Every structure is written in structure tokens, then in C-alpha cells.
Amino acid sequence: MVDFATVVLGFGLVVLAYSVVKYLGSAHNNVVEAHERCEKAWSDIDVLLERRAGEVGDLIDLTREHVSHEQDVLEDVIEARERVVEASNPDEAADAVVALRSSLDEVYDLSTEYPDLASSERFDELSDSIRTIEQRIENRREQYNDAVRAYNTRLKRVPERFVADYYGYTSKTPFVASASAREGVDVGDRLSLSDED
Amino acid sequence: MVFAYALYLGLIGGSLLAVLFGLARVGEGFRRWRQATALHDVPIASLDAVSIGEAAVVGRLAGAERDCAVPVADQQCVCYDLEVVDSTDTLPVHEEREAARLFVTTDEGRIRVDLDGFEFDLTDDRTGSLSVKSYDDPPEGAVAFAEEHDLPDQGMRRDREFRYEFLRDGDEVYAYGTVEPDPEREAGAGEKGVVLVAGDDGFLSNKSTATLLRERRFTLAKSVTVGAVVGTGGLAAFLWLTGIAQLFL
């Protein structure tokens, strides 16, 4: 027959075992949730990148109407826009975003040279809209990077580390532009090229 | 003899409560641990880029309407939480939460917060209590409040305590919850039509995130240890006092 001490200690052990099992289950949930937060934060950015690509497309059409002979600048913007649309991960997107921002700066500079373009109400609307979206992308980029930092930290902790190894979760890369992307843009050269034209 | 019976029943009731307390303490530990996880893992949302779903926001609390005041206490506020606890009852005899239409604001924007279901974790200067012993003359405000809310008469055996928490306009707060489309969105307000609701684990505090994290450090280990020890001790006492233990011997 079971004795008294066994019953009492058994109760204590059941409480402890329940806590351990729940803790390990929660550790798994923590990894999954942290991963989902990264995915959600990225999808929030992705939506804005698509919206900006649409606005940039309109801006290209409008600019082409006014300064169709500035083919170099327009082609750069179109190419950069396509890179952003096609980007499937933060690494690609970060580089494409830097290139697109640089190309857009050139379009804004063109507006100072072509008063017709600058005086267009639609041009102002699109420029403001793109700047607003860019600010939102910047804010969400910070949130994404915070989510990635928290996720990567969790992957290094015990017991989440073992859970992540077992289920094959790997660390994520923050949304930052690579050094080559920044170095690769020389706005000054492009502007002087357009001056020669 | 009557005293001995009362003491005996009291000890049995106390031991049973100890078991329940132990189990509740374990549950509480997990709840605080989930909060610590949220504090660590959920990024602070920028209020001009907050999106639907789980979110944490930090900003100043602002009431869109007139301030309210904590009943029975001379404290102006934008929201308060009040519970009335009588010495004769295990559960509070009255609970209420009052809030103006509230927003968390930052330089980037603002978001409406629906306080229903949010757990408060406030600093000492935003909490208080008023004790009214059964033999005391209760303050005028306490009498009026008891009449207004039809609270039981204190008589000569019921000590009463009013416990309250409140927040003032401009208090810096951390709020964790779920962002949803706002059904009360004002047309043409020029801001995102979303509201922060409590969801499953929403909590709101006027402490810094560093303080909140520090308070929750090792909370799970401590709670499980205390819960297991108290619960086991309570069970042993209950089994022994009720004579069930003797059946095993």
C-alpha cells in the first residue's frame, strides 16, 4: 500500500513535473512566437515596399512625360524599383532600397532643373507620399530589427537553444544595407553625367 | 470546546487554502514569466507605424475627456481601479474600473487604449488604500460610496479596506496588448483607426521596462519553488488533520 509520505511527496513532484513540462512547452512556444514576430514584422515592411513601388511607378510615368530625354536617370529608377519588387528577403531588399533611394534623389534633383515637373501638383503628391512611406518603412525596419534581435537572443538561450536545434530554427539577418550597397552609389557622378547631357 | 472545534475547522480550511495558494502561485509564476517574455521579445511599436496584432507601446497617457477622480480618495486621474475588501469575505465585495477615453501618445502619433481587461502594475505613488475598521466612524466619502453601490453594512465585525490604483494625465506608460481595428474610430481624425486592447495577457504599467524586467527576474523559479513547498505542506497538513493520512499508516 502507498504510504503517506509517498502521497505528499508525489504531489510535490507532480507540481514540479507539471512546471517543468509547461516550461519546456513554453520555451518551444517562445521560439515559434519570436519567429512569427520576425515574419510579421517583415511582412509589414513588405507591404510598404510594394506600396512604395507603386508610387514610384507613378512617379516614373509622370517624370517621363516631362523629361523623357533623361533616360539614364529613369532607367536607374526603373531598375532599382524592379529590384525592390523582386527582393524576397531582407538582404536583397536592403540593398535594393538603398539603390532606389539614391535613384529617387536624382529624380527629385531633376525637378529643380525642370520647372514644369516641379510645378506639377501630382509630382508633389507623389513625392510626399513616397517620403511618408519611407518614414514608415524606417520605423518598421527598426521594429523588424528589434524582433530579429530578440529572436536571435532567444536562440542562444537555454532551453530555447535545444528546441531551436531540434526543430531547425536558424538565426535571422537584420534589415540593414550592406556596405557594398552604400559604396556602390555615387550620386555625384550620375548628376554630373546628366549635366553633360 | 466550541473554540477547539472552530480552531480545528480553521486549520483544515487553512491547510486547504495553502494547497490552493501553492497551485495559484505556480500559475502566477507562469503568468509573470509570459509578461517577462513579452517585455523582452515584443518590439516597442512606433505609433505612426503600428500594425494589427500583438504590440507593445510606450508613451504618455492622455485622456480625451475630463479627468475623473478616485472615489473615497482625493486623487484626480484619467483612470482608476478600485476594489473593496471586507475582512469577513474572501473575495472583494466590490470592484470597478473607470476610465476616460484614453490614448497613449508620442511625438510620432497616438493610439487609443481600451483598458478593459488590462492588468495594472503601477508604482507605489499611483496606488493607495483606505482602511475603515468596524469600530471607526467611516469618512463621508466611504459612506456615500457604500450607499451608492449597495455594499453590505459593516456592523461591528466587518473591517473594510478600499484599495485603489490610478493613473494621471501625462503619466509615461508601457502597454502590452493586441492592436485591433477601432470600432469607435472618429471619421476624419487623420490617424490610424486602431485600438490597443488587452487580448489574453494585456498589461499596463507606469514603470520602466528595465524595472519591469528586473521585477520579473527568476520569478518563475521562485514561484514554482514557493508554490510546490506551500502546496505540499498544505496537503500534508490537510491529510493529517482530516485523518486521511492515518489510513496510510
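The shown structure was predicted, so the numbers you read here are calculated from the model rather than taken from an experiment.

## Focus: the overall build of chain A
Looking only at helices and strands, chain A features eight helices and zero strands. Beginning at the N terminus, the succession of helices and strands in chain A can be written as α-α-α-α-α-α-α-α. Looking at chain A alone, contacts between residues at least 24 apart form 75% of all its contacts between residues at least 6 apart. Of the roughly 10,600 Å² of accessible surface on chain A, 51% is carried by carbon and sulfur atoms.

## With respect to the UniProt feature "coiled-coil region" (unreviewed entry) in chain A
On the UniProt side, "coiled-coil region" (unreviewed entry) is annotated at positions that read residues 123-154 of chain A here. Counting secondary structure, residues 123-154 of chain A comes out at 100% helix and 0% strand; the distance between its end C-alpha atoms is 46 Å.

## Overview of the layout of surface pockets
In this model, the largest pocket occupies a volume close to 600 Å³. Taken together, 21 residues form the lining of the largest pocket, with A:Y23, A:R157, B:W33, B:R216 and B:F218 sitting closest to its centre. Residue assignment for the lining of the largest pocket shows that the elements contributing at least two residues are α1 (4-66) of chain A together with α1 (2-41) and α4 (219-242) of chain B. For the lining of the largest pocket, the leading source of residues is α1(B), giving five residues. Here the lining of the largest pocket is built from residues that sort into twelve nonpolar, four polar and five charged.

## Structural notes on the sheet that holds strand β4 (residues 79-86) of chain B
All names here are of chain B. Taken in spatial order, the four strands line up as β5-β4-β10-β9 in an open sheet, and their pairing is antiparallel. Edge positions in the open sheet fall to β5 (94-99) and β9 (127-132), since each of these has one partner strand only. Averaged over neighbouring strand pairs, the angle between their axes works out to 15° when direction is ignored. Where β9 meets strand β10 (residues 160-167), six bridges bridge the pair, whose relative direction is antiparallel.

## Concerning the pairing of strand β11 (residues 172-181) of chain B
Residue and element names in this part refer to chain B. Across eight bridges, strand β1 (residues 53-63) lies against β11 in antiparallel orientation. Across the sheet, residue A55 finds its bridge partner in β11, namely G177. Judged from the three bridges that link them, β11 and strand β13 (residues 203-205) form a sheet pairing that is antiparallel. Across the sheet, residue A175 finds its bridge partner in β13, namely L204. Relative to strand β12 (residues 194-197), β11 is paired through four bridges, and the arrangement is antiparallel. Each bridged residue has a counterpart across the sheet, and for E180 the counterpart in β12 is V195.

## Some remarks on the interface of chain B and chain A
On the chain A side, the residues contacting the 35 residues of chain B number 32 residues. Counting the surface lost from both chain B and chain A, the interface buries some 2,800 Å², and carbon and sulfur atoms represent 66% of this. The tally of links from chain B across to chain A stands at three salt bridges. The closest approach of N and O atoms between A:R154 and B:D41, which form a salt bridge, is 2.6 Å. Of all the secondary structure elements, the ones that give two or more residues to the side of chain B that touches chain A are α1, β1, α4 and α5 (244-248) of chain B. Tallied by class, residues from the side of chain B that touches chain A come to 23 nonpolar, seven polar and five charged.

## Notes on a nonpolar patch on the surface
On the surface, B:F3, B:L7 and B:L11 cluster together into a nonpolar patch covering about 330 Å² of accessible area. Residue B:L7 is classed as partly exposed on the basis of its relative accessible area, which comes to 45%.

Here is what the cut-offs are and how they apply
- Residues numbered from 1 in each chain as written.
- Chains lettered and ligands numbered in written order.
- Predicted model: local features only at pLDDT ≥ 70, side-chain atom pairs only at ≥ 80, totals over all residues.
- Heavy atoms only, no water.
- Helix = DSSP H or I, 4+ residues; strand = E, 2+ residues; numbered from the N terminus.
- Contact = heavy atoms within 4.5 Å.
- Areas by Shrake-Rupley, 256 points an atom, 1.4 Å probe, with all protein chains shown as cover.
- UniProt positions renumbered as here; feature names shortened; annotations may be inferred.
- 1 Å grid on protein atoms, 1.4 Å probe; cavity = no way out; pocket = protein on both sides within 12 Å on 5 of 7 lines; lining within 4 Å.
- Points joined across faces, edges and corners; volume = space filled by probe spheres on them.
- Nonpolar A, V, L, I, M, F, W, Y, C, P; charged D, E, K, R; others polar.
- Pairing = 2+ DSSP bridges.
- Axes fitted to C-alpha atoms, helices over the stretch in contact; angles between N-to-C directions.
- Buried area = accessible area lost by both parts, 1.4 Å probe.
- Salt bridge = Lys/Arg side-chain N within 4 Å of Asp/Glu carboxyl O.
- Patch = residues over 30% accessible without salt bridge, like charges linked within 9 Å, V, L, I, M, F, W, Y side chains within 5 Å.
- Buried < 20%, exposed > 50% of the residue type's maximum accessible area, 1.4 Å probe, protein only.

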